[in-house]
Amino acid sequence: MEKLLALIFFGYISVVCSISCKDQNNKDVDWFITYKMPKQADSSPPGIANGVGFYYMDSNLAGDLKPSTNDLSSSDQAIAYTLQQYYSQQSNSDLFHVMYNDEMAASLEEKSGSAWGWLKEKVKSVLRSKAVEYGHTKGVVFFDNDAGYWLVHSVPKFPLSDSYVYPDNGMIYAQSMLCMSFKYSELSKIGTQLYYNHPQIYSSNLPTSMAADNPDLAKVIGGQYKSGAPYSSTLDLTTAGGTTFKSFAKSADFNQDLYASLVAPTLKTPLDVETWRRGDEIPQNCSLKYGVQNVEDMKVGTSTTFKYTKDHSKVGISTQASAPYTCIGDINRMTSQFVRGGGTICINNAAVWTTYFQMIATADSC
Ligand SMILES: *[C@@H]1O[C@H](CO)[C@@H](O)[C@H](O)[C@H]1NC(C)=O
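Presented here is an overview of the structure given in this document. (Residues numbered from 1 in each chain as written. Predicted model: local features only at pLDDT ≥ 70, side-chain atom pairs only at ≥ 80, totals over all residues. Heavy atoms only, no water.)

**Side note on the state of the cysteines**
Turning to step 1, where the next piece is worked out: Counting across every chain of the model gives three disulfides.
Turning to step 2, where the next piece is worked out: Between the sulfur atoms of Cys21 and its disulfide partner Cys179 the distance amounts to 2.1 Å. Negative torsions about the S-S bond denote left-handed disulfides, and the value of about -95 degrees found for Cys21 with Cys179 makes this one left-handed. Placement of the pair is Cys21 in strand 1 (residues 21–22) and Cys179 in strand 9 (residues 175–183), with a sequence separation of 158 residues.
Turning to step 3, where the next piece is worked out: Each sulfur in the disulfide pair Cys286 and Cys366 lies 2.0 Å from the other. Here Cys286 and Cys366 share a disulfide; its torsion about the S-S bond, -95 degrees, makes the bridge left-handed. Residue Cys286 is located in the loop between strand 13 (271–274) and strand 14 (292–298), and its partner Cys366 is located in the segment after strand 19 (360–363); the two are separated by 80 residues in the primary sequence.
Turning to step 4, where the next piece is worked out: By relative accessible area, Cys366 is classed as exposed at 61%.
Turning to step 5, where the next piece is worked out: For the protein, the disulfide bridges join cysteines in the arrangement 1-2, 3-6, 4-5, where the cysteines are counted in sequence order. (Disulfide = S-S within 2.5 Å. Helix = DSSP H or I, 4+ residues; strand = E, 2+ residues; numbered from the N terminus. Buried < 20%, exposed > 50% of the residue type's maximum accessible area, 1.4 Å probe, protein only.)

Shown next, in the form of structure tokens:
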């Protein structure tokens, strides 16, 4: 009798707990966006002086970017709650997951910055440069056969494959994350976008039954990637709650800037783009119909303004209120990125856009 009750009880649990992005209170949420501040002398959000303070907004109050009470070193915040669903079920082979990052997540032991660790990293990076370059892309996808989420982010060596830790290497610079909750039927489109992006995968499990439903995803997990025409894929992804995100993915063969050659012309709006820039700068082009300008300084919430050199997030923001797009993704605006796979995901939402547009303190202009 007890066994029967337990069976009924756990059967019930597995029906009601579908996989989803989780909010700051560990409740299901349709989507959330976070902006982690660079390490600087500020008191809001808490943790900013240690490089782990972040702002948060979600679908329940789009545009309302709030300082998070718990910083990223805590496991009581949206990102950790979202990932914890996977960590607590990592041995369940009926679930699909993939973790990918162009800068591979180190194991906990390797995290200490020893000279030996540094040498190993150097050797690895030389070996990598000889191999086919993976896409410049970072994220986690986790689904059961009913629902799941896609977490897109900019943090190198994150997340670990087995437990939640915010890495030391993600502290100095600003970083962003976007989480979207989907029904299972959207997974095949995510697979297609990853097939173009060519992610470097460090942890994955694809159940056979799901492989049949998601052919591009199966290729990605098998190490294959898109080559030849077409060089990009633009797809609308609709969240479980009915919000449409426009996903842009380019393959390495695209050989142009994602933002100027694909995102701006498709959205039909000029963009201000904040990404990592170190050399390989794309020259300004003032004769484009929908031009792209680099952001120079960011002012997030009530925090101190910071220069783009403190930012590792990859954000594109429309400059027109009539096309209120905010794009969060994983590729930089540098000529070196022309030949890397990568993408961005854009939300058409006036409240989100107003918040993000106000974050641009200074941008270049023609
Ligand atoms: C600027 O854009 C125009 C229009 O697409 C193009 O013809 C031209 O080659 C571009 N110039 C540079 C310097 O990239």
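**Overview of helix 8 (residues 350–359)**
Turning to step 1, where the next piece is worked out: When helix 8 is considered as a whole, its buried residues turn out to be Val352, Trp353, Thr355, Tyr356 and Met359. The buried residues of helix 8 all sit within an arc of 165 degrees when viewed along its axis, so they share a single face.
Turning to step 2, where the next piece is worked out: The N-capping residue of helix 8, defined by a side-chain oxygen 2.9 Å from the backbone nitrogen of Ala351, is Asn349. (Arc of directions from axis to C-beta. Polar contact = N/O pair within 3.5 Å; in protein donor to acceptor, adjacent residues only side chain to side chain.)

**Overview of empty space enclosed by the protein**
Turning to step 1, where the next piece is worked out: As enumerated under the stated definition, the model contains one cavity of 30 Å³ or more in all.
Turning to step 2, where the next piece is worked out: Along its surface, the largest cavity is lined by 14 residues, and Trp150, Asn197, Gly343, Thr344 and Ile345 are the ones closest to its centre.
Turning to step 3, where the next piece is worked out: Looking at the lining of the largest cavity, the elements that each hand over two or more residues are strand 8 (147–153), helix 4 (187–197), strand 12 (244–250), strand 17 (325–329) and strand 18 (342–348).
Turning to step 4, where the next piece is worked out: Taken together, the residues that form the lining of the largest cavity break down as six nonpolar, seven polar and one charged. (1 Å grid on protein atoms, 1.4 Å probe; cavity = no way out; pocket = protein on both sides within 12 Å on 5 of 7 lines; lining within 4 Å. Points joined across faces, edges and corners; volume = space filled by probe spheres on them. Nonpolar A, V, L, I, M, F, W, Y, C, P; charged D, E, K, R; others polar.)

**A few points about the environment of Asp94**
Turning to step 1, where the next piece is worked out: Topologically, Asp94 is positioned in the loop between helix 2 (78–87) and strand 6 (96–101).
Turning to step 2, where the next piece is worked out: Sequence-wise, Asp94 and Asn205 are 111 residues apart; in three dimensions their C-alpha atoms are separated by 8.6 Å.
Turning to step 3, where the next piece is worked out: Contacts of Asp94, omitting those with residues within four sequence positions, involve Pro207 and Met210. (Contact = heavy atoms within 4.5 Å.)

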